[in-house]
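One letter stands for each residue in the lines below.
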Amino acid sequence: MARSVLFRPSTRSSDVITLCRLAKSPWPKILRQFLIISEPELPIQHINVKHIVTMALKKQNLSNGGEKPFFYDSCNQSPSELQRLTAASEEERRKTHIPLDKVTKEDCLKLQPMTFFEEIVTVLFLLFGVPNGVFSIPAVTFLIGYFILGNVGLAFKYLAMITIPIALIPQPFVPSVLNSWISAQTLKYFSFRFVLMELPPTQTPCGSEHKTDPPTLRPQILVAPPHGVFPYGNLLAMLVWPSLTGHHFRGLAANNALRVPIFKQILRSMGVVDASRATARKMLEEYPYTIGISTGGVAEVFETNNKDECILLKERVGLIKLAIRTGADLVPCYIFGNTKLLSCWHGGGIPGAEKLLEKISRKIGFALIFFYGRFGLPIPYRIPLLAVKGKPIPTWMHQCEEPSTEVMQQIQDQLVAEMGTVFDKFKHLYGWDDKSLVIR
């Protein structure tokens, strides 16, 4: 039998060395990455040292060049294939990966073919879904009331009778939504593809009976700007993630966005949760120990029309503190094309209007802007999106409840630098050689 050892979540470097000696392993730094992080009130955990060392050796081999960046053509997968890959082994999932040196700009920018029926259904879904339903649903209700019912007020009363109960009914997370038919069509519509500098960690396969077990790897926070008018790319990444790792991740959104009927049903069924500190921490301490966030939020919407890409990241102290408190890795990601999906006007040309709209938008949690896309309607343009996942930035060595300003600044600087590296290294694949990334 493999030797096992007991340790508490407060494991220190001396304990790590003891583990290394028990396992006869010369890699204490690598081995430390596989120690389980959990809350002090939880019982002592039983750790299989042989398994830890095996995983550590695998990690060591990969870090020495065993794993190279790869390309995942996620929009080319059918619903049944997405389901199969979610339940498949890591070895099976790797068969869908294409070495990045074999991928061209044309591969990343080509539009995925859709039938007329598929595109029409997807356009309608986007028109009446999040966030476009804010405009389209009231407009359609008015037209029905005026031309069909002959009473606009009555039409809106019927709308209220439908939406108010929906707003009050809790909406649980429905994993099957992530690989449904409409999800696959949405991936096609945006021609959504992934470039990964390394394979994301797999915690526990979806559907496992052990979802309450502590993670065998560190928690991860996927930091994925830019926000654009709406973070479509972040939601699409949630649809793809299970077929990459075998498990989902939880996206964070403003609480106000999760209260609106229909929006609430769509977002929460995908696994989106409110972006409060308590909820974010809870998600990092529960299966699947991974969350995703577009850090710019509403404020970044007002940077959408810039010539160069602009993201707000330098003052996100709460994000850094959350990572350190939970020992989570910060993973820099970038969604190329997200700022080009919708055109918008946010007060330009009117003195003081932009600042006023931004101030009000931050308070209410919604961006007060005028936006439009295809056909002059709030339908996103059919532009390919390319998501890039960088390498994790560890914080476990600083884990504590009240990190110092110096430590937070150090990690903040590293995150900003890595985000810039991800953008500059892969922007050529999106045809943006002449663009720069401004980080504020």
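All figures in this text were calculated on a predicted structure; none of them were measured in a lab.

Reading the values: the criteria
- Residues numbered from 1 in each chain as written.
- Predicted model: local features only at pLDDT ≥ 70, side-chain atom pairs only at ≥ 80, totals over all residues.
- Heavy atoms only, no water.
- Buried < 20%, exposed > 50% of the residue type's maximum accessible area, 1.4 Å probe, protein only.
- Helix = DSSP H or I, 4+ residues; strand = E, 2+ residues; numbered from the N terminus.
- Contact = heavy atoms within 4.5 Å.
- Pairing = 2+ DSSP bridges.
- Axes fitted to C-alpha atoms, helices over the stretch in contact; angles between N-to-C directions.
- Phe/Tyr/Trp six-rings, centres within 6.5 Å; stacked < 30°, edge-to-face > 60°.
- Salt bridge = Lys/Arg side-chain N within 4 Å of Asp/Glu carboxyl O.
- Parallel < 35°, antiparallel > 145°, perpendicular 65-115°, else oblique.
- Left-handed = near helix turned anticlockwise from the far one by under 90°.
- Nonpolar A, V, L, I, M, F, W, Y, C, P; charged D, E, K, R; others polar.
- Core = buried A, V, L, I, M, F, W, Y, C linked by side-chain atoms within 4.5 Å.
- Polar contact = N/O pair within 3.5 Å; in protein donor to acceptor, adjacent residues only side chain to side chain.

Draft legend 1. Highlighting helix α13 (residues 277–284). Within the sequence span of α13, burial applies to T279, A280, R281, M283 and L284. Elements that come into contact with the buried residues of α13 comprise β6 (220–223), β7 (250–253), β8 (273–274), β9 (290–293) and α15 (317–326).

Draft legend 2. Region of the structure containing the sheet that holds strand β5 (residues 193–196). Read from one edge to the other, the open sheet built from nine strands follows the order β4-β3-β5-β14-β11-β6-β9-β7-β8, with strand pairing classed as mixed. Looking at which strands have only one partner, the edges of the open sheet turn out to be β4 (98–99) and β8. Pairing analysis gives two bridges linking β7 to β8, with the strands arranged parallel. Across the sheet, A253 pairs through a bridge with D274, a residue of β8. On top of the sheet, helix α11 (residues 232–245) reaches β3 (70–72), β5, β6, β7, β9, β11 (329–336) and β14 (386–389); it is set at about 70 degrees to β5, its chief contact. Its contacts with the sheet place α15 against β6, β9 and β11, and it is angled at close to 160 degrees to β6.

Draft legend 3. Focus on the packing of aromatic side chains. What the rule picks out here adds up to 18 aromatic pairs. Ring geometry for Y287 against Y289: centres 6.3 Å apart, planes inclined by 85 degrees, an arrangement best described as edge-to-face. In this structure Y289 comes out as buried when scored by relative accessible area, which is 1%. Ring centres of F336 and Y430 lie 6.0 Å apart, and the angle between their planes is 35 degrees; this geometry places the pair in the tilted category.

Draft legend 4. Structural detail: the pattern of salt bridges. Summed over all chains, the structure comprises 14 salt bridges. Residues R84 and E92 are paired through a salt bridge, measuring 3.4 Å at the closest nitrogen-oxygen approach. The class of R84 is partly exposed, set by a relative accessible area of 36%. Here K95 makes a salt bridge to E92, at a shortest N to O gap of 2.8 Å. Note on E92: relative accessible area 27%, which makes it partly exposed. Salt bridges linked by common partners bring R281, E285, R325, E401 and E402 together as one network.

Draft legend 5. Local environment of the environment of E303. Structurally, E303 can be placed in the loop between α14 (297–301) and β10 (309–311). Its relative accessible area of 16% is what places E303 among the buried residues. As for E303 and G228, which are separated by 75 residues in sequence, their C-alpha atoms are 7.9 Å apart. Beyond its immediate chain neighbours, meaning those up to four positions away, E303 contacts C310 and R440.

Draft legend 6. A look at α15. By the burial criterion, the buried members of α15 are L319, I320, L322, A323, I324 and T326. The elements touched by buried residues of α15 are β6, α13, β9, β11 and α17 (405–426). With its phi angle positive at about 70 degrees, G327 sits one or two positions after the end of α15.

Draft legend 7. Spatial organisation of unusual backbone geometry. Geometrically, the link from V130 to P131 is a cis peptide bond, its omega value of -5 degrees lying close to zero. Following the sequence through the fold, P131 ends up in the loop between α7 (116–128) and α8 (133–149). Cis geometry marks the peptide bond from P225 to P226; its omega dihedral reads 0 degrees. Not every positive phi belongs to a glycine, and S191 is a case in point at roughly 45 degrees. If you trace the backbone, S191 turns up in the loop between α10 (181–189) and β5. S191 gets classed as buried once you look at its relative accessible area, which sits at 0%.

Draft legend 8. The arrangement of the packing of α10 against α11 in detail. The geometry of α10 relative to α11 is characterised by a closest axis approach of 10 Å and an angle of 120 degrees between their N-to-C directions. Compared by their axis directions, α10 and α11 come out oblique. Remark: the crossing between α10 and α11 carries left-handed chirality. Across the interface between the two elements, S183, T186 and L187 from α10 touch L236, L239 and V240 from α11. Residue classes in the contact of α10 with α11 are distributed as four nonpolar, two polar and no charged.

Draft legend 9. Summary view of the pairing of β5. Every second residue of β5 is oriented toward a common face, with R193 and V195 on one face and F194 and L196 on the other, all of them buried. Bridging between β3 and β5 involves three bridges; their strand directions are antiparallel. Across the sheet, F71 pairs through a bridge with V195, a residue of β5. Relative to β14, β5 is paired through four bridges, and the arrangement is parallel.

Draft legend 10. Looking closely at the nonpolar core. Formed by 55 residues in total, the largest nonpolar core has its most connected members in Y72, L187, F190, F192, F194 and L244. The element contributing the most residues to this core is α11, with nine residues. Filtering out sequence-adjacent residues up to four positions away, L187 remains in contact with S74, C75, L82, F192, L236, L239 and V240.

Draft legend 11. Local environment of the environment of D424. Assignment of secondary structure puts D424 in helix α17. Since its relative accessible area comes to 46%, D424 is described here as partly exposed. For D424 and S436, which are twelve residues apart along the polypeptide, the C-alpha to C-alpha distance reads 7.6 Å.

Draft legend 12. Here's a closer look at the side chain of R193. Mapped onto the elements, R193 comes out in strand β5. Note on R193: relative accessible area 0%, which makes it buried. In terms of polar contacts, R193 uses its side chain to reach the backbone carbonyl oxygen of K110, at 2.9 Å. Here R193 is in contact with F71, Y72, D73, S74, C75, D107, C108, K110, Q112, L385, L386 and A387, once residues within four sequence places are set aside.

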